[in-house]
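What follows is the residue order along each chain.
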Amino acid sequence: MRPEAILETGDGRPLAVKLQYPDMQSAVEADLAQLRLIFSIHKRMDPAIDTSEMASEIGARLREELDYALEARHMRLYAGIFADDDTIRIPDTVLDLSTKRLLTMTWLDGRRVTDYKLHPEEERNVIAHAMFRAWWYPFSHFGVIHGDPHLGNYTVRKDLAINLLDLAQRLMAGNVSNRPNNIRKKACIVPGECVNLTALLPEYRLSPKKTARLTTDLLANNLKRCIERVQHEQTQG
């Protein structure tokens, strides 16, 4: 797929532009106000559940979706993580042409993932491996989570590498002393900062090896508890 209108950088690279709708911020705030009202009514009916924290979390995540400067930082963070991986590509951000409501990045050619449904299994496996790695590797090695990994956020290149296109959703950092937004707030604020990502991790008390071990153990323990709970409920039933 190609854009109908192609912008180019000074060196001739085509650009993609993401522009926020006018008044989107006020529309989101109006919806959040309605949601808080509904949650407050629910809290009066069932005080066992504190819906105020749910409203705050949903509001924070939606506001992040509207902050294109934050998304640009996320893109540079992921570009640093996958700098040496030819199977996963992230667009370059063009900071001089970007604002909080306008995100300009390099255009990456690719086809929709669903276009490969009937391709040979070997090709589909290559694509699936790259998609899994794009989500799992940052999580298991750096404690960073891509919060919106649906098919529309990937395209497939001719060499079966993937383009990771949308990084607006919050990136969580694990094992950071109850401050999960440290990486979101601090990493890659300066262009090129995330290239030396390993040097940044000690500030967040993270290291690739330590995080990988803790994450694996944590997942295994959580899965074990889930299985035990299901078995207990089946026994009780």
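Note that this is a predicted model, so its numbers are computed, not measured.

Criteria and thresholds
- Along every chain, residues carry numbers that run from 1 in the direction the sequence is written.
- Local features in a predicted model are, by the rule used here, given only for residues with pLDDT of at least 70; side-chain atom pairs are given and counted only at 80 or more, and totals for whole chains, interfaces and linings are based on all residues.
- To obtain the side-chain values, all non-hydrogen atoms of the structure were used and water was disregarded.
- All axes here are fitted lines through C-alpha atoms, helices being fitted over the stretch that makes contact, and every angle between N-to-C directions spans 0 to 180 degrees.
- Where helices and strands are cited, they refer to DSSP runs of H or I of at least four residues and of E of at least two residues respectively, numbered from the N terminus.
- In these notes the angle categories are as follows: under 35 degrees is roughly parallel, over 145 is roughly antiparallel, 65 to 115 is roughly perpendicular, and the rest is oblique.
- The crossing is said to be left-handed when, going from far helix to near helix, the turn is anticlockwise and less than a right angle, and right-handed when the turn is clockwise.
- We call two residues in contact whenever any of their non-hydrogen atoms come within 4.5 Å of each other.
- For this classification, Asp, Glu, Lys and Arg are treated as charged, while Ala, Val, Leu, Ile, Met, Phe, Trp, Tyr, Cys and Pro are nonpolar and the rest, including Gly, are polar.
- The method works on a 1 Å grid over the protein atoms by themselves. A cavity is a set of points holding a 1.4 Å probe that cannot get out, a pocket is an open set with protein on both sides within 12 Å along at least five of seven lines, and residues with an atom within 4 Å of a point line them.
- Grid points are joined across faces, edges and corners, and a volume is the space filled by probe spheres set on the points.
- What counts as a ring pair is set by centres within 6.5 Å for rings of Phe, Tyr and Trp (its six-membered ring), and what kind of pair is set by the plane angle: stacked under 30 degrees, edge-to-face over 60, tilted for all other angles.
- Throughout this description, buried means an accessible area under 20% of the type-specific maximum (1.4 Å probe, protein chains only), exposed means over 50%, and partly exposed covers the range between.
- A score between 0 and 100, pLDDT records how confident the predictor is in each residue.
- Here a strand pair is declared whenever DSSP counts at least two bridges between the two strands.
- Only residues whose relative accessible area exceeds 30% and that form no salt bridge enter a patch; like-charged residues are grouped when within 9 Å of one another, and nonpolar side chains (Val, Leu, Ile, Met, Phe, Trp, Tyr) when within 5 Å.
- Using the Shrake-Rupley algorithm and a 1.4 Å probe, accessible areas are obtained, with residue cover drawn only from the displayed protein chains.
- One side-chain nitrogen of Lys or Arg within 4 Å of one carboxyl oxygen of Asp or Glu is enough to make a salt bridge.

(A) Here's a closer look at the packing of helix α1 (residues 24-45) against helix α2 (residues 51-65). For the pair α1 and α2, the least separation of the axes is 9 Å and the interaxial angle reads 165°. Relative to α2, α1 is oriented roughly antiparallel. Pair α1 / α2 crosses with right-handed handedness. The residues of α2 that touch α1, namely those facing Gln25, Val28, Glu29, Leu32, Leu35, Arg36, Phe39, Ser40, His42 and Lys43, are Thr51, Ser52, Met54, Ala55, Ile58, Gly59, Leu62 and Arg63. For the contact of α1 with α2, the per-class residue count stands at eight nonpolar, six polar and four charged.

(B) The layout of surface pockets, seen in detail. Here the largest pocket defines a volume of roughly 350 Å³. Listed by contribution, the elements that provide at least two residues to the lining of the largest pocket are β2 (14-19) and β4 (102-106). Broken down by element, the lining of the largest pocket gets its largest block of residues, three residues, from β2. Residues that form the lining of the largest pocket fall into these classes: eight nonpolar, five polar and three charged.

(C) Molecular detail of the packing of aromatic side chains. Taken as a whole and judged by the stated rule, the model has six aromatic pairs. Summarising the aromatic geometry, the rings of Phe132 and Trp136 are spaced 6.1 Å apart at their centres and angled 15° between planes, so their arrangement reads as stacked. Highlighted residues: Phe132 and Trp136, both in helix α4 (residues 121-142), separated by four residues, approximately one helical turn. Residue Phe132 is classed as exposed on the basis of its relative accessible area, which comes to 53%.

(D) Structural view of unusual backbone geometry. Notably, Asp23 is not glycine yet its phi reads approximately 65°, a positive angle. Counting through the fold element by element, Asp23 comes out in the loop between β2 and α1.

(E) Main features of the confidence of the model for the chain. Averaged over the chain, the pLDDT score is 76; the fraction of residues at 70 or greater is 71%. By mean pLDDT, helix α5 (residues 182-186) is the weakest element of the chain at 37, and strand β3 (residues 88-89) is the strongest at 96. Ignoring residues within four places in sequence, the model shows residues 173-214, a span with pLDDT below 50, making 73 contacts including any to other chains.

(F) Broad picture of the pairing of β4. Burial analysis of β4 places four of its five residues in the buried class, the great majority of the element. Bridge analysis of β2 against β4 gives five bridges, and the strand direction is antiparallel. Bridge pairing links Ala16 to Met105 in β4.

(G) View of the side chain of Thr93. Residue position: Thr93 is located in the loop between β3 and β4. For Thr93, a relative accessible area of 18% translates into the label buried. When sequence neighbours within four positions are dropped, the list of residues in contact with Thr93 reads Ala72, Met75, Arg76, Leu103, Thr104 and Met105.

(H) Structural detail: a nonpolar patch on the surface. On the surface, a nonpolar cluster with roughly 330 Å² of combined accessible area is contributed by Leu37, Ile41 and Met45. Following the sequence through the fold, Leu37 ends up in helix α1. A relative accessible area of 46% means that Leu37 is categorised as partly exposed.

(I) Summary view of the pattern of salt bridges. Taken as a whole, this structure holds ten salt bridges when the rule is applied. Across the pair Glu57 and Arg61 runs a salt bridge, and its minimum N-O distance is 2.4 Å. Of this pair, Glu57 and Arg61 both sit in helix α2, four residues apart, which is roughly one turn of the helix. Note on Arg61: relative accessible area 16%, which makes it buried. Among the salt bridges present, the one from Arg133 reaches Asp85, with a minimum N-O distance of 2.6 Å. Residue Arg133 is found in helix α4, and its partner Asp85 is found in the loop between α3 (68-81) and β3; the two are separated by 48 residues along the sequence. Owing to a relative accessible area of 29%, Arg133 belongs among the partly exposed residues under this scheme. Put simply, Glu57, Arg61 and Glu64 are held in one network by salt bridges that share partners.

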